[in-house]
Amino acid sequence: MQLFVLFLTTLFLAMVLVAGLIKLSAPLGLVDVPDARKVHASTIPRVGGIGMVVATIVALLLEFELDAQFRECLLGVGILTVFGLLDDRYDLNYKIKFLGQFLAVLVVVVFGDIVIRRLCFQDCGTLPDAVAYPLTVFFLLGVTNAMNLADGLDGLAAGISILSLACIAFLADLAEGYQMVGAAVAIVGAILGFLRYNTHPAIVFMGDTGSQFLGFSAGVLAVLLTQKVNTALSGSLPLLILGLPIIDTLLVMGHRILRGVSPFKPDRNHVHHKLLSLGFDHYEAVLATYVFQALCILLAYFLRYESDLLIMAVYLALFALIAVFFPLANAFHWRLRNADLDRVSFLTRKLNLVLERAWLDKGAYQIVRFAVPLFLVITAMTTRMEDPDEIAVFAAGVLVSWVVWVGARLPGAGFVERVAVYSSVIMVVYLAQTAGFEHSEAARWFNYLIIVLAVVVGVGVRFSGRYFSLTPSDFLVMFVLLAAANLPVFNQINYAKIAAQSAILMYGIEYILRRGNGTVWAVRSGGILALIALARWLVV
């Protein structure tokens, strides 16, 4: 419960603070002016980072009695925030910016004793201080800058950070690292509060204050996780946890050095820029980076106890995949979209046919409008109730209220209908995960079908045009929920799974309802029959 309160606190504080700071951004000079390297075309406030930092620190101090190590981390964050604010206001020289990063890293390494001392290649001995300290400083500086450089599209750095921090929280929970879980959850809450304003088209940016805070925090927590909190984990696991930003930074820096220019000189050679040049729109470029980062996170989870040699090999393979993909795409003139289809590859033409909006929208809609209500009814009929009184009474009450309200044509009938159907969804999913099914085999199929339904609903909503729209952040949150829902660390009621499955069904219902009056009957029938199936336990 404390973690839930912490999450809501940072979420609420970040939303309120960012909204207030947007109004002060112009007087304070904290705005991002477009130039040739950037993809936005108008002046945007860059105060989101301040809101995230303040929300996280305040919430942690209110909810936790932090130990000395975490207090040193907060001091490092404070130093980084001061230099980040100055950079957002005055566009500091990279040397001064680097000095601030170095001081922040020095605080956590020297005074917080957050050091990479253990890597297992041929043996698992402790690294000497002459190697451990420089390695840690180099790694934390690299990660801080990597996230800073990844902040090039709306929601990009924020989404990548959520995936990394969620992975850190899950792995820390395996070793009961409660303070680390709390820190990760607090930052995720702050990011989601900020994303409320940063989803494309963004009305606020996080600025260097925010991107450095996220990179520094994720890097410090990843090192602390593997070196102190859960020492059974592989020491090189932070490479996979932080995934794409490190690969992107190494590629960009290497490319600049080969061209004979400063590695700190800005350009448009980042992964997200290259995706845009291949015909991806903003939405698709962000989603593609989320998918790759999610792959890194999944690999980190499944390889968490493997040797550092294997993890390094996997990471180098991912690095090679990114490094080779873009030159090959340019060599074969591959583009996701191109108006002149005669000059692009056969694969592109076929992919354009597959991605044709009308076909995907119509096909997904036909599946969803029958599958969701049917799924709801069948599940309600096949789940069992050991103590049926409360849920059956509630289902009966919702059903009667719905019928009376709609039958009497009272105001707000559409809202009442949604509440009733959504209530049936939550009750059905709750029973499926707590009481279970009459036949054990049904539980396995229930989970499989939910995942398939999530994919179909996601495709339908993505290509539904004017009816409904999802942002990459919606897919991101859904991925985190689905991943959490299937982790083995939950040994009692899995509320993450209940939340994820309920959200999938609700998205499907909303997708159907927004198509118009001709399809409402499907949702209405499914909701009524599901409520009747639940209420029947009053007379059984």
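Residues numbered from 1 in each chain as written. Predicted model: local features only at pLDDT ≥ 70, side-chain atom pairs only at ≥ 80, totals over all residues. Heavy atoms only, no water.

A. Inspection of the overall build of the protein chain at higher detail. Within the protein chain, the secondary structure is distributed over 20 helices and 2 strands. Across the 540 residues that make up the protein chain, the buried fraction comes to 51%. Of the contacts formed within the protein chain by residues at least 6 apart in sequence, a portion of 76% connects residues at least 24 apart. Accessible surface, the protein chain: about 24700 Å² in total, of which carbon and sulfur atoms supply 68%. (Helix = DSSP H or I, 4+ residues; strand = E, 2+ residues; numbered from the N terminus. Buried < 20%, exposed > 50% of the residue type's maximum accessible area, 1.4 Å probe, protein only. Contact = heavy atoms within 4.5 Å. Areas by Shrake-Rupley, 256 points an atom, 1.4 Å probe, with all protein chains shown as cover.)

B. Broad picture of empty space enclosed by the protein. Counted according to the given criterion, the structure contains 5 cavities of 30 Å³ or more. There is about 160 Å³ of room inside the largest cavity. If you list the elements that add at least two residues to the lining of the largest cavity, you get helix 2 (48–63), helix 3 (68–90), helix 7 (178–198) and helix 8 (207–229). With 5 residues, the top contributor of residues to the lining of the largest cavity is helix 8. Of the residues contributing to the lining of the largest cavity, the split by class is 13 nonpolar, 2 polar and no charged. (1 Å grid on protein atoms, 1.4 Å probe; cavity = no way out; pocket = protein on both sides within 12 Å on 5 of 7 lines; lining within 4 Å. Points joined across faces, edges and corners; volume = space filled by probe spheres on them. Nonpolar A, V, L, I, M, F, W, Y, C, P; charged D, E, K, R; others polar.)

C. How the structure looks around the packing of aromatic side chains. Scanning all chains against the criterion turns up 4 aromatic pairs. On the basis of an interplanar angle of 75 degrees and a centroid distance of 5.0 Å, the ring pair of Phe 325 and Phe 326 is categorised as edge-to-face. Seen in terms of ring centroids, Tyr 365 and Tyr 511 are 6.3 Å apart; in terms of plane orientation they differ by 85 degrees. Their pairing is edge-to-face. Pair noted here: Tyr 365 is in helix 14 (residues 357–382) and Tyr 511 is in helix 19 (residues 495–513), with a separation of 146 residues, a long-range link. Accessibility classification places Tyr 365 together with Tyr 511 in one group, the buried group. We note Arg 304 situated over the ring of Tyr 301; from NZ or CZ to the ring centre the distance is 4.2 Å. (Phe/Tyr/Trp six-rings, centres within 6.5 Å; stacked < 30°, edge-to-face > 60°. Lys NZ or Arg CZ within 6 Å of the ring centre and 35° of its normal.)

D. Structural view of helix 8. Over its 23 residues, helix 8 extends 31 Å from the first C-alpha to the last, a length consistent with the 33 Å expected when each residue adds 1.5 Å. In terms of burial, helix 8 is largely enclosed, as 21 of its 23 residues are buried. (Expected span 1.5 Å × (residues − 1).)

E. Expanded view of the packing of helix 7 against helix 8. Viewed as axis vectors pointing N to C, helix 7 and helix 8 meet at an angle of 160 degrees, and their least axial separation amounts to 11 Å. What the angle tells us is that helix 7 and helix 8 run roughly antiparallel. For the pair helix 7 and helix 8, the sense of crossing is left-handed. On the side of helix 7, the interface is formed by Met 180, Ala 183, Ala 184, Ile 187 and Ile 191, while helix 8 contributes Phe 213, Leu 214, Ser 217, Leu 221, Leu 224, Leu 225 and Val 229. Here the residues of the contact of helix 7 with helix 8 sort into 11 nonpolar, 1 polar and no charged. (Axes fitted to C-alpha atoms, helices over the stretch in contact; angles between N-to-C directions. Parallel < 35°, antiparallel > 145°, perpendicular 65-115°, else oblique. Left-handed = near helix turned anticlockwise from the far one by under 90°.)

F. Representation of the pattern of salt bridges. Taken as a whole and judged by the stated rule, the model has 8 salt bridges. Across the pair Asp 91 and Arg 46 runs a salt bridge whose closest N-O atoms are separated by 3.2 Å. On the criterion of sequence distance, the pair formed by Asp 91 in the loop between helix 3 and helix 4 (94–111) and Arg 46 in the loop between strand 2 (44–45) and helix 2 is long-range, its members being 45 residues apart. By relative accessible area, Asp 91 is classed as exposed at 55%. With a shortest N-O distance of 2.9 Å, Asp 129 and Arg 117 are connected by a salt bridge. (Salt bridge = Lys/Arg side-chain N within 4 Å of Asp/Glu carboxyl O.)

G. Just the side chain of Ser 423, in detail. For Ser 423, the location among the structural elements is in helix 16 (residues 413–434). The contact partners of Ser 423, leaving out residues within four places of it in the chain, are Phe 394 and Val 398.

H. Looking closely at the environment of Leu 250. In this fold, Leu 250 is placed in helix 9 (residues 237–258). Among the residues examined, Leu 250 registers a relative accessible area of 47% and is labelled partly exposed. Leu 250 sits 69 residues away from Phe 319 along the chain, and the two C-alpha atoms are 9.2 Å apart.

I. Here's a closer look at a nonpolar patch on the surface. Taken together, the side chains of Phe 98, Leu 99, Phe 102, Leu 103, Leu 106, Val 110 and Phe 111 make up a nonpolar region of the molecular surface, amounting to roughly 600 Å² of accessible area. On the secondary structure map, Leu 103 appears in helix 4. (Patch = residues over 30% accessible without salt bridge, like charges linked within 9 Å, V, L, I, M, F, W, Y side chains within 5 Å.)

J. Up close: the confidence of the model for the protein chain. Residues at a pLDDT of 70 or more form 83% of the protein chain, whose mean pLDDT is 81. For the protein chain, the element scoring lowest by mean pLDDT is helix 13 (residues 346–354), at 54; helix 8 scores highest, at 93. (pLDDT = per-residue confidence, 0-100.)

K. Looking closely at the nonpolar core. Judged by nonpolar contacts, the single largest core of 105 residues is most densely connected at Phe 139, Leu 165, Ile 191 and Leu 240. At 13 residues, the largest contribution of residues to this core is made by helix 7. When near neighbours in sequence (up to four residues on either side) are disregarded, Leu 240 contacts Cys 296, Ile 297, Leu 299, Ala 300, Leu 303, Ile 311, Val 314, Tyr 315 and Leu 318. Judged by nonpolar contacts, the second largest core, of 43 residues, contains Val 421, Ala 454, Ala 533 and Ala 535. (Core = buried A, V, L, I, M, F, W, Y, C linked by side-chain atoms within 4.5 Å.)

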